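Inside the fold
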Amino acid sequence: MTPDASKRWASLLKRLRQRYGPVADTTGAYGLVAPAAASSPIPSHGPGAIEPVLNHLVVGMLIWNASSTLARAAHTRLRAGAADFNDLRVCDPAEIAAMIRGEVIRGGAAGSGTRATGSETPEPAPDRAPDHATQSLDAQAWEASADERASRIKAALMDVFRRHHAMTLGILIDASKRDARAYLESLQGVPSSAAARVAVFALCAHATPIDDRTKALLVREGVVAAGASVVDASHTMERLVPATDSREVAALLQAWSDQEGAHATTPDHEPESSPSRQPQPATKPSSKPAKASTSKPARAPKPSTASTAANPSTRASSAKRAAPRKRAT
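Conventions we followed
- Throughout, a residue's number is its position along its own chain's written sequence, starting from 1.
- For a predicted model such as this one, the threshold for reporting local features is a pLDDT of at least 70, and the threshold for listing and counting side-chain atom pairs is 80 or more; totals across whole chains, interfaces and linings nevertheless cover every residue.
- Only hydrogens and water are set aside; all other atoms, that is, all heavy atoms of the structure, feed into the side-chain values.
- By the criteria applied, helices consist of DSSP H or I runs no shorter than four residues and strands consist of E runs no shorter than two, each listed in order from the N terminus.
- A simple rule labels every residue: compare its accessible area, found with a 1.4 Å probe on the protein chains alone, to the largest value its type can have, and call it buried under 20%, exposed over 50%, or partly exposed in between.
- Residue contacts follow a heavy-atom distance rule, with two residues in contact if any of their heavy atoms lie within 4.5 Å.
- For accessible areas, the Shrake-Rupley method is used with a probe of radius 1.4 Å. Any residue's cover is judged against the shown protein chains and nothing else.
- We define a salt bridge as a contact between a side-chain nitrogen of Lys or Arg and a carboxyl oxygen of Asp or Glu at a distance within 4 Å.
- The rule is simple: put a 1 Å grid over the protein atoms alone, call a set of points where a 1.4 Å probe fits but cannot get out a cavity, call an open set with protein on both sides within 12 Å along at least five of seven lines a pocket, and count a residue as lining if it has an atom within 4 Å of a point.
- Grid points are joined across faces, edges and corners, and a volume is the space filled by probe spheres set on the points.
- In this classification, Asp, Glu, Lys and Arg are treated as charged, Ala, Val, Leu, Ile, Met, Phe, Trp, Tyr, Cys and Pro as nonpolar, and every other residue, Gly included, as polar.
- In this description, a line fitted to the C-alpha atoms serves as the axis of each element, helices being fitted only across the stretch in contact, and the angle between N-to-C directions of two axes falls anywhere from 0 to 180 degrees.
- By definition in this entry, angles of less than 35 degrees are roughly parallel, angles greater than 145 are roughly antiparallel, angles of 65 to 115 are roughly perpendicular, and the rest are oblique.
- Crossing handedness follows the turn of the near helix against the far one: under a right angle anticlockwise gives a left-handed crossing, and clockwise gives a right-handed one.
- As used in this record, nonpolar core signifies buried Ala, Val, Leu, Ile, Met, Phe, Trp, Tyr and Cys residues forming a set joined through side-chain atoms within 4.5 Å.
- Values of pLDDT, which run from 0 to 100, indicate the predictor's confidence residue by residue.
- One fewer than the residue count of a helix, multiplied by 1.5 Å, yields its expected span.
- For Phe, Tyr and Trp, rings pair up if their centres lie within 6.5 Å, where Trp contributes its six-membered ring, and each pair is then called stacked (planes under 30 degrees apart), edge-to-face (over 60) or tilted (otherwise).
- The criterion for a charge sitting over a ring is simple: Lys NZ or Arg CZ within 6 Å of the ring centre, and within 35 degrees of the ring normal.

**What about the overall build of the protein chain?**
The helix and strand inventory of the protein chain stands at 12 helices and zero strands. Shown N-terminal to C-terminal, the secondary structure of the protein chain runs as helices and strands in the order α-α-α-α-α-α-α-α-α-α-α-α. Residues classed as buried in the protein chain amount to 47% of the 329 residues present. Within the protein chain, counting contacts between residues at least 6 apart in sequence, those at least 24 apart form 73% of the total. Accessible area for the protein chain stands at about 16900 Å²; split by element, carbon and sulfur atoms hold 53% of it.

Given below as structure tokens:
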């Protein structure tokens, strides 16, 4: 990170606050930039309740490289089409993709034989709404990414179930923030920006969600180097953004992406690996030394108030070497 990058970010942040401040202030409980989201939060217990941390993860995967409007509408359709996250987990990826696109609602929850339009939840227009060209580009990218997005959501939910035999990530609430972030990033198919969104909005941790769209915008402004990966860009922003500003900056960047991200392109753009190619983590994010075997997925970190995990120490081998035989004389 250079001094110029710091100055450019300070200037950019001032402009973003002036342009999107009111929208960011009304960001809903799940980080979706819309006043409507704040007025009707999803309950964490009782009728219609869903596991909050896991829901943050699904929202993060829907809003990855997409606009808030499309992600919010798809989230509404997924909740209407599946009874709960376990029901969504056992859905065929094609079914999930159809719900994401709005082609059909599983079980006829939104009306049999009708196509969902994506406008189930009316919302007030922001001060600077995207133009028609932007909305068209967003819709085209959303349509093209539906199959991959569905496969990633399916893979992540299956991975959570394999690790816990239940559809919950509640254990991350009491874990150290570093361990929780590492655990989220180790989940099958989860983009780094989705893991960062969970860290910010569910765990109140220091993180900056950066996807391909926001990275391209930051590259355009000279805040992030053109050759930086999405992960590198996120690390750069986390050095520039204080922990106390994480939620505000995440909302501002998303509002900016909603308006201009569809047009942002970078010559070095490389999509994140698909779920089928994403390797399993070699270590588990916990305070205990990692096992040598990588055949099993990483376990959730144990609840801890410590900010860092203990470094694993090298164990001495218990096997003794055989003494060399003496030759007979």
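**Thoughts on the pattern of salt bridges**
Tallied over the entire structure, the rule returns 14 salt bridges. Here Arg152 ties to Glu148 by a salt bridge, and the two come within 3.0 Å at their closest N and O atoms. In this pair, Arg152 and Glu148 both sit in helix 7 (residues 132-164), four residues apart, roughly one turn of the helix. With relative accessibility at 2%, the residue Arg152 sits in the buried group. Within the structure, one salt-bridge network assembled from shared partners comprises Arg15, Arg19, Arg220, Glu221 and Glu260.

**Thoughts on empty space enclosed by the protein**
Tallied over the entire structure, the rule returns three cavities of 30 Å³ or more. Contributing to the lining of the largest cavity are Gly60, Ile63, Trp64, Ser193, Arg197, Pro209, Asp211, Thr214, Ala250, Leu253 and Gln254. Take the lining of the largest cavity: its biggest share by element is three residues, from helix 12 (residues 246-260). Its residues assigned to classes, the lining of the largest cavity shows five nonpolar, four polar and two charged. Lining the second largest cavity are Arg181, Glu185, Ser192, Ser193, Thr208, Ile210, Val231, Ser234 and His235. Broken down by secondary-structure element, the contributors of at least two residues to the lining of the second largest cavity are helix 8 (177-186), helix 9 (192-201) and helix 11 (230-240).

**Structural notes on the packing of helix 3 (residues 52-63) against helix 9**
The interhelical angle for the contact between helix 3 and helix 9, taken along N-to-C directions, is 135°, at an axis separation of 8 Å. In terms of axis orientation, helix 3 runs oblique to helix 9. Classified by chirality, the crossing of helix 9 by helix 3 is right-handed. Of the residues in helix 9, those touching helix 3 at Val53, His56, Leu57, Gly60, Met61 and Ile63 are Ala194, Arg197, Val198 and Phe201. Among the residues making up the contact of helix 3 with helix 9, the classes are represented as seven nonpolar, two polar and one charged.

**Observations regarding the nonpolar core**
Of all hydrophobic cores here, the largest spans 38 residues; its most connected members are Leu62, Leu88 and Leu169. Contributing elements (two or more residues each) for this core: helix 3, helix 4 (68-81), helix 5 (85-89), helix 6 (93-101), helix 7, helix 8 and helix 9. Excluding residues that lie within four positions of it along the chain, Leu62 makes contacts with Ala71, Ala74, His75, Leu78, Ile100, Trp142, Arg149 and Ile153. Counting 24 residues, the second-largest nonpolar core is a separate cluster that includes Leu16, Ile210, Leu252 and Trp256.

**Examining the environment of Ala202**
When you line up the elements, Ala202 lands in the loop between helix 9 and helix 10 (212-220). Residues Ala202 and Leu54, spaced 148 residues apart in sequence, show a C-alpha to C-alpha distance of 9.3 Å. Setting aside residues no more than four positions away along its own chain, Ala202 makes contact with His56 and Arg197.

**A short note on the side chain of Thr208**
Within the secondary structure, Thr208 sits in the loop between helix 9 and helix 10. Under the relative-accessibility criterion, Thr208 is labelled buried at 1%.

**Re the confidence of the model for the protein chain**
Residues at a pLDDT of 70 or more form 62% of the protein chain, whose mean pLDDT is 75. Under a pLDDT of 50 for its full length, residues 33-48 has, in the predicted model, 37 contacts with residues more than four places off or in other chains. For the stretch residues 108-127, pLDDT sits under 50, and the model shows 25 contacts to residues farther than four places along the chain or on other chains.

**Concerning helix 12**
With 15 residues, helix 12 should reach 21 Å at 1.5 Å per residue; the first-to-last C-alpha distance of 21 Å fits that figure. Burial within helix 12 is extensive, with 13 of its 15 residues counted as buried.

**Description of the environment of Ala225**
Along the chain, the position of Ala225 falls in the loop between helix 10 and helix 11. C-alpha separation for the pair Ala225 and Lys215, spaced 10 residues apart in sequence, amounts to 9.4 Å.

**Digging into the packing of aromatic side chains**
Applying the stated rule across the entire model yields zero aromatic pairs. Here Arg89 stacks its cationic end above the ring of Phe161, 3.8 Å away from the centre of that ring.

**Let's talk about helix 9**
The buried fraction of helix 9 is high, at 10 of 10 residues. Looking at helix 9, one finds that the buried residues are Ser192, Ser193, Ala194, Ala195, Ala196, Arg197, Val198, Ala199, Val200 and Phe201.

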